[in-house]
Amino acid sequence: MKEMSKITAILCSVTLMVSACKKDDYYVDGGVANARFEGTVMAYLDANPVHFDTLAQVIRLAGLEEVFNSDTLTFFAPNDRNIRELIGDYRRGGINTELYRLNRDTIQQLSDVDPVIWQEYLMRYMFHGKKKLADYPQIDFEVPDAFPGQNYYSYNNSVCNIGVEFNDEVTNPGSPTETRLKYMGYRQLAISFIPNVSFPFNNWKRVYVISSDIEADNGVVHALSYLDSSFGFDDQIQFDIIDSKR
């Protein structure tokens, strides 16, 4: 019973769009309070199937389960919805639409995708060491020269910029008495995949964290928003999967 209560508390921390948890117990914007999970990163994902059931399957298919159980890592966890949208079906978009058009075998189950492809794109979200929101520098996407965040190499040496956006604190927004205190509002972690490091700040694939600092025994999980994002950050995974079905 005690263990179930613990899992329920952690599950509430991830779901910012569900109001079942008490508001005072968690940060509303990009973070959670006391988000300690007794178990490995892999166990945490397994304990939250509403958001990460598909992701957990992909991790196992990619041969990375042991890494998530034993390595010390920081994982920016993509949402199941983005994986499902990637696959799609022949009627409503996704890779299967294109495979069907090309008269190639469509993906009926996740294991129909080459494990090497799953591994390659999962590793874009994986970073060595444990880092919480407070461990990352500030980024301001409007003035990146002043607050650039920092570039990090993922497990497969992809380059991602990671930084904390300091929002303004606004009082009476939209009214004649509106006041704005620069950088004094809530803080939100963001990760941006950089397709080409030769062109800094160009064509970044940015995704915001909706729940940060979920600490497991061997790492930290930052849950990513599914809005305005796609699994793998860009479209290259679609081309790789389609090409593998020749």
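Now for a description of the structure that goes with this document. Given the structure is predicted, the values throughout are model-derived calculations rather than measurements.

### Brief notes about the packing of helix H7 (residues 115–122) against helix H8 (residues 236–244)
Point 1. Closest axis-to-axis distance for the H7/H8 pair is 10 Å, and the angle between their directions is 170 degrees. As judged from the angle between their axes, H7 and H8 are roughly antiparallel. Packed against H7, whose contacting residues are Ile-117, Trp-118 and Tyr-121, the element H8 presents Gln-236, Ile-237, Asp-240, Ile-241 and Ser-244 at the interface.
Point 2. When the residues that make up the contact of H7 with H8 are grouped by side-chain class, the tally is 5 nonpolar, 2 polar and 1 charged.

### Re the nonpolar core
Nonpolar side chains in soluble globular proteins generally cluster together in the buried interior.
Point 1. Formed by 60 residues in total, the largest nonpolar core has its most connected members in Phe-68, Phe-76 and Trp-118.
Point 2. With 5 residues, the single largest contributor to this core is helix H3 (residues 49–61).
Point 3. Among residues more than four places away in sequence, those in contact with Phe-68 are Thr-40, Val-41, Met-42, Leu-45, Ile-59, Leu-73, Phe-75, Met-126 and Asn-218.

### Comments concerning the packing of aromatic side chains
Point 1. As enumerated under the stated definition, the model contains 12 aromatic pairs in all.
Point 2. Arranged with centres 5.4 Å apart and planes meeting at 85 degrees, the rings of Tyr-136 and Tyr-152 form a pair that is edge-to-face. Here Tyr-136 is found in the loop between strand S2 (126–128) and strand S3 (138–139), whereas its partner Tyr-152 is found in strand S4 (residues 150–153), with 16 residues between them in sequence.
Point 3. What makes Tyr-152 buried here is its relative accessible area of 12%.
Point 4. Through successive ring pairs, a cluster of aromatic residues spans Trp-118, Tyr-125, Phe-193, Phe-231 and Phe-233.
Point 5. One residue, Lys-131, lies across the ring of Tyr-136, its end atom 5.9 Å from the ring centre.
Point 6. Its end group placed over the ring of Phe-141, Arg-206 keeps NZ or CZ at 3.6 Å from the ring centre.

Criteria and cut-off values
Residues numbered from 1 in each chain as written. Predicted model: local features only at pLDDT ≥ 70, side-chain atom pairs only at ≥ 80, totals over all residues. Heavy atoms only, no water. Axes fitted to C-alpha atoms, helices over the stretch in contact; angles between N-to-C directions. Helix = DSSP H or I, 4+ residues; strand = E, 2+ residues; numbered from the N terminus. Parallel < 35°, antiparallel > 145°, perpendicular 65-115°, else oblique. Contact = heavy atoms within 4.5 Å. Nonpolar A, V, L, I, M, F, W, Y, C, P; charged D, E, K, R; others polar. Core = buried A, V, L, I, M, F, W, Y, C linked by side-chain atoms within 4.5 Å. Buried < 20%, exposed > 50% of the residue type's maximum accessible area, 1.4 Å probe, protein only. Phe/Tyr/Trp six-rings, centres within 6.5 Å; stacked < 30°, edge-to-face > 60°. Lys NZ or Arg CZ within 6 Å of the ring centre and 35° of its normal.

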